[in-house]
Amino acid sequence: MKQRVLDNFVTLKRKKTSEDTKIAKPEVEKIIKKKPQNENQKVENKINLPKETIENPPSNLPKETNENPPSKFYPTYSSFIETLETWKDPLKDYILEPNNKNMLYTYNFLKKEYENKIIFPPKENIFKAFQITKYSEIKVVIIGQDPYPNPGDAMGLSFSVNKSQRIPQSLLNIYKCLEKDNNIQFKKPLHGDLTSWAEQGVFLLNSTLTVECKKANSHQKNSKWNLFTDFVISKISSLKKNIVFLLWGNFAIEKKKLIDGKKHLIITNIHPSPLAQKKGDFTISKQFSECNEYLKKNGIKEINWQIQ
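The structure presented is a predicted model; accordingly, all values stated were derived computationally and were not measured.

A few words on the overall build of the chain. Counting secondary structure elements, the chain contains eleven helices and six strands. When burial is assessed residue by residue, the chain has 43% of its 308 residues classed as buried. Long-range contacts, defined here as pairs at least 24 residues apart, represent 69% of the contacts in the chain between residues at least 6 apart. When the accessible surface of the chain is split by element, carbon and sulfur atoms take 51% of a total near 18800 Å².

Attention now goes to the pattern of salt bridges. For the structure on display, the rule yields eight salt bridges. The residue Asp-89 makes a salt bridge to Lys-92 at a minimum N-O spacing of 3.7 Å. The class for Lys-92 is partly exposed, based on a relative accessible area of 40%. Ionic pairing is found between Lys-255 and Asp-230, a salt bridge with its closest N-O pair at 2.7 Å. Of this pair, Lys-255 sits in the loop between α10 (249–253) and β6 (265–269) while Asp-230 sits in helix α9 (residues 225–239), placing them 25 residues apart in sequence.

Moving on, we get to the sheet that holds strand β5 (residues 244–248). Hydrogen bonds between backbone atoms are what pair the strands of a sheet, whose relative direction is either parallel or antiparallel. Across the sheet, four strands lie side by side as β3-β2-β5-β6; this open sheet has parallel pairing. Each end of this open sheet is capped by a strand with a single partner; those strands are β3 (202–206) and β6. Adjacent strand axes in the sheet meet at a mean angle of 20°, parallel and antiparallel pairs treated alike. The pairing of β5 with β6 spans five bridges and is classified as parallel. The residue bridging Phe-245 from the neighbouring strand is Ile-266, located in β6. This element, α9, spans β2 (140–144), β3 and β5 of the sheet and lies at about 155° to β3. Contacting β2, β5 and β6, helix α11 (residues 287–297) runs over the sheet at an angle of about 165° to β5.

Moving on: the packing of helix α5 (residues 101–116) against α9. For the pair α5 and α9, interaxial distance at closest approach is 9 Å and the crossing angle is 135°. In terms of orientation, α5 lies oblique with respect to α9. Of the two possible hands of crossing, α5 and α9 adopt the one that is left-handed. Across the interface between the two elements, Asn-102, Met-103, Thr-106 and Leu-110 from α5 touch Trp-225, Leu-227 and Phe-228 from α9. Of the residues contributing to the contact of α5 with α9, the split by class is five nonpolar, two polar and no charged.

Attention now goes to the environment of Ser-237. Topologically, Ser-237 is positioned in helix α9. The sequence separation of Ser-237 and Ile-259 amounts to 22 residues, and the corresponding C-alpha distance is 5.3 Å. In this structure, Ser-237 is in contact with Leu-258, Ile-259, Asp-260, Lys-263 and His-264, ignoring residues within four places of it in sequence.

The next subject is α11. Looking only at α11, the buried set comprises Gln-287, Phe-288, Ser-289, Cys-291, Asn-292, Tyr-294 and Leu-295. Along its buried surface, α11 packs onto β2, α7 (169–180), α8 (195–199), β5 and β6. Looking one or two residues past α11, Gly-299 carries a phi angle of roughly 70°, positive in sign.

Judged by nonpolar contacts, the single largest core of 74 residues is most densely connected at Phe-80, Phe-130, Trp-197 and Phe-228. For Trp-197, the residues in contact, after removing those within four places along its chain, are Ile-142, Ile-174, Leu-178, Val-202, Leu-204, Phe-288, Asn-304, Trp-305 and Ile-307.

A cis amide bond, omega 5°, links Glu-97 with the succeeding residue Pro-98. Tracing the backbone shows Pro-98 in the loop between α4 (92–95) and α5. Following Phe-120, the chain continues into Pro-121 via a peptide bond in cis, with omega recorded as -10°. Phi angles above zero are rare outside glycine, and Phe-159 is one such case at about 70°.

The rules behind these values
Residues numbered from 1 in each chain as written. Predicted model: local features only at pLDDT ≥ 70, side-chain atom pairs only at ≥ 80, totals over all residues. Heavy atoms only, no water. Helix = DSSP H or I, 4+ residues; strand = E, 2+ residues; numbered from the N terminus. Buried < 20%, exposed > 50% of the residue type's maximum accessible area, 1.4 Å probe, protein only. Contact = heavy atoms within 4.5 Å. Areas by Shrake-Rupley, 256 points an atom, 1.4 Å probe, with all protein chains shown as cover. Salt bridge = Lys/Arg side-chain N within 4 Å of Asp/Glu carboxyl O. Pairing = 2+ DSSP bridges. Axes fitted to C-alpha atoms, helices over the stretch in contact; angles between N-to-C directions. Parallel < 35°, antiparallel > 145°, perpendicular 65-115°, else oblique. Left-handed = near helix turned anticlockwise from the far one by under 90°. Nonpolar A, V, L, I, M, F, W, Y, C, P; charged D, E, K, R; others polar. Core = buried A, V, L, I, M, F, W, Y, C linked by side-chain atoms within 4.5 Å.

This is the structure we're talking about:
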């Protein structure tokens, strides 16, 4: 009798345990489902950001822009001047020891600027005019003042912008001048990239080769670029012959003193900028056909001014 009661007690206990397990199982599942949330909560706690910081980020955090951030400059002076390529030899008296103090100053100035500010053009395009127009192939020189200061515009060639950018007003007036020249076949292109001119020997030289973002002429005084580019112009004048110099505006016309007018053709005009319209009409000049006539007369292949 006692054995039967004991058996019934064990059976009852087993059933109760089984029922408890059935009840507990959903609770375990709930705990498992909640576990990832708990883990995420732990991650948030580790970040430890106040709620108001997330909703109202500080104003000093960097904002998304289309501007390039400050970047590393050429690590050495020699790597910097190496990018002058075919121009290194004719310019050796300015860029190599013992007469390179001014160029070395420019290098140190630019290194600091590029690594602390947003500077245009990108460092690899500073000497792009020299890289595309080889020294031995130069036919025409067009002198600008300094690069465009707006993001994405400056590309290392005077008056030229990248194909993705809007055509500047000065360049539109240059195009109008070409369209009005009856001796030139020209149709206004949809972009402002003048690379096809540079590839034919049109040296698109800015007097100042760099600029700080949105600060026109910011490198004109403190970089000593003007000493370098004046040296370039004077060397072209002394070492070459039958080069056409297109000088637009008072700034460029001042460079006339560096050029031997007996050896070369100098054509002057007001600046193509709309701001110079009070002084005259840049677009009525026949300067581009005059340039080609001079080249042809001296046995030099003419420039195809149509933008590719």
